[in-house]
Amino acid sequence: MSAGGTNPVEDESRPLRLAFDRGTVVVEGLAEGDGAGLPGVRFDPRTKTHRAEAIWYRPLVEHLRGRKIAYEDDARGYGPTQTPWKIQVAKEAFPHQVEGLAAWWKAGGRGVVVLPTGTGKTHLANMAIEKAGRPTLIVTPTIDLMNQWYDELSLSFGVEIGLLGGGYNDVQPITVTTYDSAYINMERLGDRFGLIVFDECHHLPGATYGLSAVAAIAPFRLGLTATPERADNAHTHLDQLIGPIVYRREITQLRGQFLADYQTIPLYVSLSEEERQRYEEARECYRAFVSGSGIDMRRPDGWSRFLFLAFRSPEGREAFRAYREQRELALAAPAKLKLLEKLLDRHNHDRVLIFTHDNATVYTIARRFLVPVITHQTKTKERREILLRFNTGDYPIVATSKVLNEGVNVPEANVAIILSGSGSVREHVQRLGRILRKSGDKQAVLYEVVTKGTVEEYTSNRRRQHSAYDGE
């Protein structure tokens, strides 16, 4: 019976029928109307059918079962019985993995588990696959991560693992894909999986990537991330797309036992007199234009408004040039490279990652110190070779811009030097996470090099607003 007390079924001798259709669930057998009070169901006048986005599949089925409304389920493209996938590798779970799985299952197999980098989110996902016993799709942000998951899943379950993306189109009961491939293909594959694992799920909210959640019927959903919060507050959409945060542990809670112990050290450099004068002149030019144009850079649209106005006049173009100059002087101060030389001498027996905000500085470091670099321009095979040699010690130093912020396994890295970065708290925590994977009695250290008396000081204070830096 519907909420209004009338029977929504057009022909009571036939039960309702659910069918999957291009990212939606069609409900056949309803009298023409607005959905008869069924969750998410609306009447589509174009096709004269009742349908809901596929994400409503579970609430819809629970609604029908709860009200004992008969229905045939042809929306699910996999069998109703559990598949006996068992983890083949003897690996004792950490307490936080056991607790995280239990919290997720208690929440109905829906929700986000927040764990720091290096604390075993992949094994937690394997445990969830075994627990749910449903065909599973793992969604990752990069091809490299897709390949890492493929290797891990193949080893853990000893079955053929599917790949979707990076030139592969092989869909198996357990398949790994990327966010880019998932949202493109979900309208045709959204009925094939009962569990979806969204790795680095802070990437999911958005008009495009969000489709990979909306167009799938998967009743079980697991989100994994170390840093769920987003500057645009879009992380609030995760509740609907995956489920709420059901379990969370921070770096400070796991350091020492499950993560390497660490310290963070801010270091400051100064501009020369000539650089200081250029910086002040450029900053004054930029700020004068912003103020004179009535732009409030604290507003979400401040930057886009500045760009819009900057290219509409000679004064605006000069202000943009000045912005670039003052920023380059702060982030790529020559004194930073002199300090970097001293730090590399100090840690000449360690495994060092150097992070910068831009590729130009990375290539400058490569030429000056003769170290390998990884940027978004680095080819996949070359990148893999560099990381392999870094982990074995053939390359003790690697410099990078943003591409190693997440999703790379470098357990031997114990020193990170941040020469420059954005104001993002997530980026800073991710860079710290690169050196925290447990390896023996490793003691990790992160240096943050900041240009004194510039806007970078404010940026540094903002990006350190995370519990990982409490008391440091």
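Described below are features of the structure shown in this document. (Residues numbered from 1 in each chain as written. Predicted model: local features only at pLDDT ≥ 70, side-chain atom pairs only at ≥ 80, totals over all residues. Heavy atoms only, no water.)

### What about the pattern of salt bridges?
At step 1: Evaluated as defined, the whole model comprises 23 salt bridges.
At step 2: The salt bridge partner of Arg383 is Asp144, with a shortest N-O separation of 2.3 Å. Remark: Asp144 occurs in helix H4 (residues 143–157) and Arg383 occurs in helix H14 (residues 380–392); sequence separation between them is 239 residues. The pair Arg383 / Asp144 is uniform in exposure class, with both members buried. (Salt bridge = Lys/Arg side-chain N within 4 Å of Asp/Glu carboxyl O. Helix = DSSP H or I, 4+ residues; strand = E, 2+ residues; numbered from the N terminus. Buried < 20%, exposed > 50% of the residue type's maximum accessible area, 1.4 Å probe, protein only.)

### A short note on the sheet that holds strand S15 (residues 352–355)
At step 1: Read from one edge of the open sheet, 6 strands run S14-S19-S18-S15-S17-S16, paired in parallel fashion. Of all strands in the sheet, those bounded by a partner on one side alone are strand S14 (261–269) and strand S16 (373–374).
At step 2: The pairing of S15 with strand S17 (residues 397–400) spans 4 bridges and is classified as parallel. When the bridges of S17 are listed, Val352 appears paired with Ile397.
At step 3: The strands that helix H12 (residues 334–346) touches are S14, S15, S17, strand S18 (415–418) and strand S19 (443–451); relative to S19, the one it contacts most, it runs at about 165 degrees. (Pairing = 2+ DSSP bridges. Contact = heavy atoms within 4.5 Å. Axes fitted to C-alpha atoms, helices over the stretch in contact; angles between N-to-C directions.)

### Remarks on H4
At step 1: Here H4 is 15 residues long and its end C-alpha atoms lie 21 Å apart, about the 21 Å a rise of 1.5 Å per residue gives.
At step 2: By the burial criterion, the buried members of H4 are Asp144, Leu145, Met146, Asn147, Trp149, Leu153, Ser156 and Phe157.
At step 3: Among the residues trailing H4, Gly158 stands out with phi positive, at a value near 65 degrees. (Expected span 1.5 Å × (residues − 1).)

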